[in-house]
Each structure stands twice: as C-alpha cells, then as structure tokens.
Amino acid sequence: MDFKLTEDRRMLEDTISRFLADKYSISKRNDIAYSETGHSAQIWAEMAELGIVAALFTEIEGGFVGQGFDIALVFEALGRALCPEPFLGALLTGKALAAGGAEHADWLNSIVSGEKIGAVAFEEDQSHYQLQHVATSATKTASGYLINGNKAVVTHVEAADIIIISARLSGNVDDQSGLGIFAVAADIAGLEIQDYANVEGGRSGQLTLTNVALPPEALLAEGDAAFELLETIAGYAHLALSAEALGIMEVLKFSTIEFLNLRQQFGVPIGKFQALQHRMVELVLDIEQARSAVINASTLPCDKIDRAKRLSAAKLTVSATGTKVAEEAIQMHGGIGMTWEMPVSHFAKRLVMIEHLFGDEDYHLARYIELSKV
Amino acid sequence: MQDIDHFRAEVSHWLNENCPKTMRTPMPDDEICWGGREFAFVSDDQRLWLNRMAARGWTVPAWPKKYGGGGLNGAQQKILAEQMQAINARSPLQSFGIGMLGPALLEFGSEAQKLHYLPQIASGEIRWCQGYSEPDAGSDLASIKTAGVDEGDYFSVTGQKIWTSYADKADWIFCLVRTEPDAKKHKGISFLLFDMTSQGVSTKPIELISGESVFCETFFDAVKVPKQNIVGGRGQGWTIAKYLLNHEREMIGGSDLLFGGADVCALASAQIGVDENGRLNDSILRAELAKFIIDEMAFDAHLAMTKNYMRAGNQLGARSAELKYLGTELNQQRQNHIMAIGGLGALIWSSHNNQTHQTPRQWLRSKANSIEGGTSEIMLSILAKAVLKMPS
C-alpha cells in the first residue's frame with residue numbers, strides 16, 4: 001500500500017531520490033552531518049534549485065504544490081537518504097511567515113527559494129514540548145518590541161538567517177493566551193547563539209535574547225491567533241518528522257532483512273531461524289501500521305480537532321515504532337550494528353532524535369487524550 | 001463521472017424503497033442471515049431483504065450477472081457499500097459460499113460448475129461449509145489423510161475433519177481430500193464438493209470455552225462423490241486451498257464483525273464515569289484505550305486502502321496474512337479492554353433468569369481469532385518467506 005501518487009508526485013519523488021542517491025554515500029553524508037556546519041551549503045543550494053523546498057509550499061505561498069501528501073513525500077525521501085539539510089526549518093519558517101501576511105512576502109520568497117535558511121525556536125529549558133510554556137518576554141515599546149529570554153535546542157540555528165520565536169506579551173508562563181510569534185533576523189543585535197552537535201549529526205543551539213529590539217512588523221501573530229499559529233506550525237513538524245521517520249524505517253527494514261539473509265551462523269543464513277523471522281515480520285507490520293497513521297495525517301483535514309488528532313496519532317505511532325525499529329535493527333545486526341561504519345547505527349540515532357522533536361510518545365498520548373476526551 | 005452520480009442516486013433510491021425498516025438496525029450475531037435449505041429466518045423482513053437483494057445480484061455485487069451477481073465494477077461496489085452504510089442496511093447474506101467457495105470457483109471452476117453452484121450461493125439457497133483441518137493436520141494442513149479412493153465414476157471418501165465451522169448446519173461441503181496417495185504431500189490433494197446429506201456423512205458439534213458450538217467434528221464413511229464434483233483437476237487441491245485461505249484471511253482480518261462492535265470509549269464512560277472535562281476517571285485505562293484507538297485508526301486506514309486495492313481488481317495473495325494477523329490481534333485487544341472496563345461483573349456467565357451474558361463469551365470467542373484460518377505464528381512465517389523472501 002502506498003501514498004496515492006499522481007504523475008507530478010511521482011516525478012517529484014524521482015527527482016529527490018535520484019539527486020540524493022547521487023550526492024550521499026553514507027560516509028559523505030556523515031562528513032557533512034558531523035561537520036562544523038552540520039549541513040552542506042552547496043547541496044542545499046542545489047536542492048533548492050531543483051524546487052524541492054518550493055514543493056513544500058502552495059502556489060499562494062510562492063511554491064508549487066504543498067499539500068500534506070507532498071510534504072510527506074518529500075520528507076520520506078529525505079529520511080531514506082538521512083539528509084541533514086535544513087528542510088524542516090524551511091517548512092516551518094515558511095508556514096509561519098505565510099501566516100504573517102503580505103508584508104513578510106520578501107522573507108517568505110527567500111525561504112521558498114532556499115536563498116535563506118530558517119529555524120524555529122519554540123522550546124525552552126523548562127518547556128518539555130509544551131508550546132504554551134513561554135518564559136521569554138516581549139515588551140511593547142514605542143518603536144516595537146523588546147525580547148528577553150532563552151530558547152533551547154533550536155535545530156540548525158547557527159546556519160539560520162531567519163528565526164521564528166515565541167515570546168510572552170502578557171500573562172503567566174504556562175498560559176495559552178498572551179503569546180506573540182515573531183520573525184527575527186539571525187544577525188540582529190542582542191541575539192547570541194551557542195551552537196552544538198547533535199547525537200545523530202546536524203547542529204542545534206541555545207539562543208539567548210538580550211534586549212533584542214524588533215520593529216512592529218516582526219510580529220506574525222498575537223493573542224489567540226498566536227497559540228493557534230504555534231499549533232499549526234507544530235502540526236507541520238509532526239507530519240514532516242513522521243514521514244521522515246517512515247523513510248528511515250524503510251531503509252532499516254531492508255538493510256536488516258538483507259543482513260539476516262546474508263549473515264551465516266551454524267552453517268545457515270540466520271534469517272532461516274524462526275525466532276528472527278517472526279521478530280522481523282512483527283517489526284515490518286509495526287512499520288505498516290505507522291505508514292497508515294502517516295497517510296491518515298497527510299490528508300491534513302480542515303477540521304482543527306480532527307487534524308490535530310491525526311497528527312498526534314501519527315507522531316505517537318512513529319515515535320513508538322521508530323524507537324523499536326532502531327533497537328531491533330541494531331540487535332538483529334549484532335555487534336556490527338553498533339559500529340560507526342555501518343549505516344544502520346546512524347539511521348537508528350536519527351529515529352531516536354525524531355522521537356524527541358516536537359513531542360515524544362507520552363506528550364502525544366496526553367495530547368490525543370486531551371483532544372478526543374477519551 | 002455523470003454515470004457514477006446517476007448510479008449513486010439510483011442505488012440510494014432503490015435501497016430506500018426496498019430495505020425494510022427492521023433491516024436498518026445494528027445486527028446482533030444471532031440475526032445474521034446465513035441462508036441454506038434449513039435456515040430459519042428471524043422475520044419476514046429478513047427473508048424479503050435477502051430475496052430483493054439477491055434478485056438484483058447485490059448479495060454478491062462483484063460477481064458477473066450470469067452467475068447471480070451484480071456485475072458491478074470497483075467504483076460501483078464502493079458506492080453500494082457506502083449507500084448501504086448510509087442507511088445502516090444490514091448485510092442481507094453472509095456465507096462461506098460468498099467469502100470463500102465463490103472466489104475459488106470463479107478462479108478455478110469449470111463453466112458448468114460456475115453456472116450450477118454460484119447462483120445457489122448468491123440467492124442463499126445453499127449453505128456451504130469448509131472441510132480443511134483434521135485431527136493430525138492443523139498448522140501442517142497439507143498432511144491431511146482423508147482419502148478419496150478412485151472407484152471409476154466416483155471417489156469413495158473416508159476420514160475425519162475437525163473445526164468444520166457450522167458443519168451441522170451446512171448443506172454442502174468443499175473439502176480437501178487425498179486422492180493421489182502416491183504423489184508428494186502437496187501434490188496428492190484434490191478439492192471436492194459434496195452434499196452433506198450424502199450417505200456416510202455425520203457431524204458432531206464441539207463445545208468451546210465460550211459455551212458456543214460453532215465448530216464440528218465431521219466424519220466421512222465411504223461417501224460417494226461423483227468425479228465431476230472435483231474443482232480444478234486431480235492433485236490441484238493445494239493450489240486452490242492456498243488461494244482460498246488467502247480469501248479467508250482477508251475476510252477474518254477485514255471483517256466488520258470484528259470492528260462493528262461496541263465503541264469501547266462509550267462503554268468505558270458509561271461503566272467507569274467521567275470527570276468534569278468528559279474524560280475517563282481512570283487515567284491508566286484512559287491511556288491504554290487511547291493507544292488502542294490510535295492503532296485501530298491506523299488499521300482502519302490500512303483496511304480502506306486494501307479494499308480499494310482489491311476493488312481495482314488486484315489480489316493480496318500472501319499479504320492477506322498481514323491483514324489477518326493485525327486484525328485479529330486488534331480484536332483480541334479490544335475484547336481484553338472490554339473485560340477490563342467491565343471489571344468483576346464482566347465475568348458473569350448468565351443472569352439469575354438464565355439470560356446469557358455476551359461479554360465473557362465474546363472475549364473467550366476472540367481467543368480463537370489467532371488460531372482459526374491459520375495461527376498468528378503461521379501468518380508470521382508466511383509473511384517472512386513469501387513477502388520478505390527470508391530463507392526457508
């Protein structure tokens with residue numbers, strides 16, 4: 001069973017897959033992902049040139065497709081190649097800017113074209129995935145806003161040109177109301193970045209904002225609309241990450257089956273043993289369930305509750321299954337699965353990272369319960 | 001597109017005119033229409049609904065018209081199913097003839113066999129049972145011993161089957177019989193059809209832990225089966241059996257019976273109570289039910305995609321094992337949740353006035369889901385070898 005692929009989508013998938021297969025061997029990928037920048041400016045530019053960033057956006061947003069299925073398709077392909085380029089940041093930054101209206105068209109265009117790199121900074125040291133937990137303050141001034149506070153584990157923040165930030169205009173630290181969403185140029189005065197390497201390659205960073213002065217038009221949304229925008233952007237992250245995880249799981253599935261069929265012990269391929277066959281099939285069936293959950297989410301229904309439920313269901317399923325796939329793939333590979341040299345270890349680490357981005361399994365279970373009133 | 005809209009309108013109109021009101025309510029298990037010579041209709045409406053649907057060929061909408069079917073294409077089948085669902089119309093007829101023998105005959109039967117047997121299935125005249133497992137041939141089905149001795153015009157069939165669903169209520173049986181004793185295990189089996197009223201056939205229901213007796217032991221003592229009742233030629237039985245098992249697994253995995261059941265959330269809310277936000281009072285059960293619902297949602301999507309795939313004329317083949325495994329595991333989880341929700345009271349077998357309690361019986365019945373039609377372990381082995389191509 002597969003995503004419903006139209007001719008255009010098939011071409012898009014072909015383009016991405018062929019490009020990535022060309023550019024990335026696992027050692028090349030690791031050189032890039034574990035480098036000082038965590039990605040390759042050159043490959044990013046080439047991919048943007050091919051229209052792969054623009055595929056994440058609708059025509060109104062300056063892209064050319066941008067439906068839920070397209071986003072899922074792009075990220076699944078990126079997952080299969082374990083691509084460390086800042087696509088997630090582009091998707092989320094672009095969607096935030098698009099919500100901000102016409103005055104952000106220039107920045108939006110520069111994101112869609114890939115000319116500028118985007119990052120979103122929602123997480124804080126104490127927030128533990130809760131989007132409404134915002135201690136960073138935004139104070140209204142005569143000339144705009146002053147931002148003060150810290151943001152934690154911001155993906156690709158060092159590489160970013162534009163950063164989307166949640167800050168509090170009023171109320172208490174856990175209130176859903178009183179928030180503001182701001183678009184910030186990364187080189188603005190008072191913004192400091194402490195950049196570090198991630199477990200699976202790629203970079204993230206801690207963001208410190210000290211009296212960062214923003215013009216009034218930096219505000220993308222405030223009041224109820226601000227929290228709604230946070231949820232919308234997080235929803236795109238749930239879909240993209242779930243689809244990326246699916247791509248990774250497919251790779252681990254095939255490489256593990258291949259290994260079981262090749263590796264000889266006791267004079268036979270170990271894939272002949274029933275214990276391993278059943279273990280492998282159960283894993284494959286879990287991945288199929290995860291695929292169905294992602295397809296369910298890809299339709300991005302208009303009804304907000306239905307949409308959020310499907311997205312949380314997908315992210316939860318992918319988080320639980322992804323962790324299991326990561327562990328099982330390594331266990332079934334045996335010692336060799338633990339080595340840096342084998343691709344399996346790097347794919348496994350990315351799955352674990354995805355589990356923790358934009359809400360882990362427990363977070364999404366609680367959210368699903370909240371949404372569905374179980 | 002216009003044709004399709006026209007068809008939808010016509011179907012909707014016809015169903016509204018012809019589906020009796022009492023056939024638009026949820027169907028309890030004891031009101032399923034199985035058809036057959038001896039079938040006791042629960043109401044005139046049930047009989048009327050069957051006859052009207054059969055006359056249009058809509059008990060088997062996908063089969064060709066000349067065999068009693070509706071001759072509908074994939075899109076039309078989907079519309080019929082949707083429109084029936086829209087008015088909660090009950091399934092007019094359910095049978096092993098529809099789900100299993102029919103597809104096998106369509107694929108392997110002679111034209112004469114199709115013209116003879118299929119219309120009787122479509123109309124509900126003849127109820128079929130399936131003679132597969134034997135006391136010493138369960139998961140290792142191809143080791144069956146029931147023998148068909150060549151007596152010229154006919155085979156003389158002697159042996160025993162077990163777990164034959166509704167053998168005591170069926171009119172005819174489709175049966176795996178070893179007719180080629182000298183051939184290799186899988187090559188010596190033929191697929192025979194015969195009347196359960198034939199001389200030498202007897203059945204004995206098996207009482208199960210659920211208190212039900214769905215399954216029978218079935219005995220054959222020198223039963224004469226005319227040679228024209230063989231489907232697909234001598235020694236072809238295993239090929240047909242495998243094809244048919246795939247259908248059975250699709251049916252079990254995708255059965256509305258498994259998933260048409262109670263809404264576990266509503267059940268839990270009523271039994272355990274909710275807080276001021278409408279959420280279950282028991283936070284651990286709440287989390288378990290949420291996980292279950294999320295899994296069920298994914299499986300429903302999987303099922304919907306699979307049905308579209310099959311309506312487009314594709315066959316699942318060995319992948320039916322996937323549907324069977326996932327579907328039955330989920331149903332067993334569902335039954336376990338229902339028991340957990342019910343607490344101690346869920347274990348009550350019958351009330352003081354001897355009314356049977358369904359909850360523990362359905363839970364116990366569900367234990368058979370991962371055994372019948374091929375065990376879950378056999379499903380995993382099939383998927384490993386046939387789909388993942390792991391070595392055997």
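Residues numbered from 1 in each chain as written. Chains lettered and ligands numbered in written order. Predicted model: local features only at pLDDT ≥ 70, side-chain atom pairs only at ≥ 80, totals over all residues. Heavy atoms only, no water.

Okay, the overall build of chain A next. Within chain A, the secondary structure is distributed over 11 helices and 10 strands. Here the C-alpha radius of gyration of chain A, 21 Å, is about what a compact globule of 374 residues would show, namely 21 Å. Principal axes of the C-alpha set define a box for chain A whose edges measure 80 × 50 × 40 Å. Put simply, chain A has 374 residues, and 58% of those count as buried. Taking the intrachain contacts of chain A between residues at least 6 apart in sequence as the baseline, contacts between residues at least 24 apart amount to 73%. Surface summary for chain A: the accessible area is close to 15,000 Å², and the carbon and sulfur share equals 52%. (Helix = DSSP H or I, 4+ residues; strand = E, 2+ residues; numbered from the N terminus. Rg over C-alpha atoms; globule rule 2.2 N^0.38 Å. Buried < 20%, exposed > 50% of the residue type's maximum accessible area, 1.4 Å probe, protein only. Contact = heavy atoms within 4.5 Å. Areas by Shrake-Rupley, 256 points an atom, 1.4 Å probe, with all protein chains shown as cover.)

The secondary structure content of chain B amounts to 12 helices and 8 strands. Taking 21 Å as the expected radius of gyration for a compact globule of 392 residues, we find that chain B reaches 22 Å, a close match to that expectation. Taken along its principal axes, the extent of the C-alpha atoms in chain B is 80 × 50 × 50 Å. By the burial criterion, 51% of the 392 residues in chain B qualify as buried. Counted over contacts in chain B with a minimum sequence separation of 6, partners at least 24 positions apart contribute 69%. With the model as given, the accessible surface of chain B reaches about 18,200 Å², and the carbon-plus-sulfur share is 51%. Separation of charge centres in chain B, based on 39 positive and 44 negative side chains, amounts to 4 Å. (Lys, Arg positive; Asp, Glu negative; His and termini not counted. Charge placed at Lys NZ, Arg CZ, Asp CG, Glu CD.)

Here we take up the state of the cysteines. Overall, the coordinates contain 0 disulfides over all chains when judged by the stated rule. Take B:C216: it sits in no disulfide, and the sulfur closest to it among the cysteines is that of B:C129, at 8.1 Å. (Disulfide = S-S within 2.5 Å.)

The next subject is the pairing of strand β1 (residues 128-131) of chain B. All names here are of chain B. Along β1, one buried face is formed by W128 and Q130 and the opposite face, lined by C129 and G131, is buried too. By the bridge criterion, 4 bridges tie β1 to strand β4 (residues 172-178) in an arrangement that is parallel. In the strand pairing of β4, C129 is matched with I173. (Pairing = 2+ DSSP bridges.)

Residues and elements named next belong to chain A. Relative orientation of the contacting elements helix α8 (residues 274-298) and helix α9 (residues 304-333) amounts to 155°, with a least axis distance of 9 Å. In terms of orientation, α8 and α9 fall into the roughly antiparallel class. The two elements α8 and α9 cross, and the hand of that crossing is left-handed. Contact with α8, carried on its side by L276, R279, M280, L283, D286, I287, Q289, A290, A293, V294, N296 and A297, involves R310, L311, A313, A314, T317, V318, T321, K324, V325, E328, Q331 and M332 of α9 and no other residues of that element. Taken together, the residues that form the contact of α8 with α9 break down as 14 nonpolar, 5 polar and 5 charged. (Axes fitted to C-alpha atoms, helices over the stretch in contact; angles between N-to-C directions. Parallel < 35°, antiparallel > 145°, perpendicular 65-115°, else oblique. Left-handed = near helix turned anticlockwise from the far one by under 90°. Nonpolar A, V, L, I, M, F, W, Y, C, P; charged D, E, K, R; others polar.)

We now examine the domain arrangement of chain A. All names here are of chain A. Along its sequence, chain A is organised into domain 1 (7-112), domain 2 (118-222) and domain 3 (227-372). One C-alpha centre belongs to domain 1, the other to domain 2; they are set 23 Å apart. Facing the 24 residues of domain 1 at the interface are 20 residues of domain 2. At the boundary of domain 1 with domain 2, total buried surface from both sides reaches about 1,500 Å², with 66% on carbon and sulfur atoms. The interface formed by domain 1 and domain 2 contains 0 salt bridges. Breaking the side of domain 1 that touches domain 2 down by element, the ones donating at least two residues are α2 (26-33), α5 (87-99) and α6 (105-112). Class assignment for the residues of the side of domain 1 that touches domain 2 results in 11 nonpolar, 9 polar and 4 charged. (Domains from an automatic or database assignment. Buried area = accessible area lost by both parts, 1.4 Å probe. Salt bridge = Lys/Arg side-chain N within 4 Å of Asp/Glu carboxyl O.)

Residue and element names in this part refer to chain B. Per the domain assignment, the segments of chain B are domain 1 (2-94), domain 2 (128-236) and domain 3 (254-387). On a C-alpha basis, the centroid separation for the pair domain 1 and domain 2 is 32 Å. Contacts between the two partners involve 4 residues from domain 1 and, on the opposite side, 5 residues from domain 2. Counting each side, the surface lost to burial between domain 1 and domain 2 is near 340 Å², with a carbon and sulfur contribution of 40%. Broken down residue by residue, the surface that domain 1 buries against domain 2 is led by W34, G36 and R37, which jointly contribute 91%. At the junction of domain 1 with domain 2, the criterion picks out 1 salt bridge. Where domain 1 touches domain 2, the interface holds 2 residue pairs in polar contact (both at pLDDT 80 or more). A per-class count over the side of domain 1 that touches domain 2 returns 1 nonpolar, 1 polar and 2 charged. (Polar contact = N/O pair within 3.5 Å; in protein donor to acceptor, adjacent residues only side chain to side chain.)

Turning next to the pairing of strand β7 (residues 215-226) of chain B. Remember that side chains alternate between the two faces of the sheet whenever the strand is regular. Residue and element names in this part refer to chain B. Relative to β7, strand β3 (residues 154-165) runs antiparallel, the two sharing 10 bridges. When the sheet's bridge partners are listed, I162 is paired in β7 with E217. Here strand β6 (residues 201-205) runs beside β7; their pairing, made up of 5 bridges, is antiparallel. Residue pairing across strands places T203 opposite T218, the latter belonging to β7.

This part takes up helix α10 (residues 320-342) of chain B. In this model, α10(B) (23 residues) spans 33 Å end to end at C-alpha, consistent with the 33 Å of a helix rising 1.5 Å per residue. Positive backbone phi, approximately 65°, marks B:G343, located one or two places after α10(B). (Expected span 1.5 Å × (residues − 1).)

With that settled, consider the pattern of salt bridges. Within this structure, the stated rule accounts for 36 salt bridges over all chains. Taking the shortest distance from any N to any O, the salt bridge between B:D5 and B:R8 comes out at 3.1 Å. Of this pair, B:D5 and B:R8 are both found in helix α1 (residues 2-18), 3 residues apart, which corresponds to roughly one turn of the helix. Residue classification places B:R8 among the partly exposed residues on the basis of a relative accessible area of 31%. Two residues, B:R365 and B:E212, come together in a salt bridge whose shortest N-O distance is 4.0 Å. One end of the pair, B:R365, is in helix α11 (residues 358-366); the other, B:E212, is in the loop between β6 and β7, and 153 residues separate them in sequence. Look at the salt bridges and you will find they share partners, linking A:E13, A:E76, A:R80, A:E250, A:K253 and A:R291 into a network.

Before going further, it helps to spend a moment on helix α7 (residues 224-262) of chain A. Between its first and last C-alpha, α7(A) extends 57 Å over 39 residues, near the 57 Å set by a 1.5 Å rise per residue. The element α7(A) is largely enclosed, with a buried count of 28 among its 39 residues.

Take the environment of B:A104 next. All names here are of chain B. With respect to the secondary-structure elements, A104 resides in helix α4 (residues 96-108). The exposure class of A104 is buried, given its relative accessible area of 0%. Here the alpha-carbon distance between A104 and L208, two residues 104 residues apart in the chain, equals 29 Å.

Formed by 150 residues in total, the largest nonpolar core has its most connected members in A:F75, A:F87, A:I164, A:F182 and A:F358. The element contributing the most residues to this core is α7(A), with 20 residues. What A:F358 contacts, discounting residues up to four positions off in sequence, is A:L88, A:L92, A:V120, A:F122, A:A234, A:A237, A:H238, A:L241, A:K315, A:Y363 and A:H364. Core analysis: the next-biggest nonpolar cluster, separate from the first, contains 38 residues, B:W63, B:I98, B:I126 and B:L245 among them. (Core = buried A, V, L, I, M, F, W, Y, C linked by side-chain atoms within 4.5 Å.)

Quoted interface sizes are often the accessible area lost when the parts come together. At the interface, 33 residues of chain A touch 37 residues of chain B. In total, chain A and chain B occlude about 3,100 Å² of area from one another, counting both sides; carbon and sulfur atoms represent 69% of this. There are 2 salt bridges connecting chain A and chain B. Here A:E370 ties to B:R279 by a salt bridge, and the two come within 3.3 Å at their closest N and O atoms. At the boundary of chain A and chain B, one finds 10 residue pairs in polar contact (both at pLDDT 80 or more). Contributions of two or more residues to the side of chain A that touches chain B are made by α7, α8, α9 and α11 (361-372) of chain A. Taken together, the residues of the side of chain A that touches chain B break down into 16 nonpolar, 9 polar and 8 charged.

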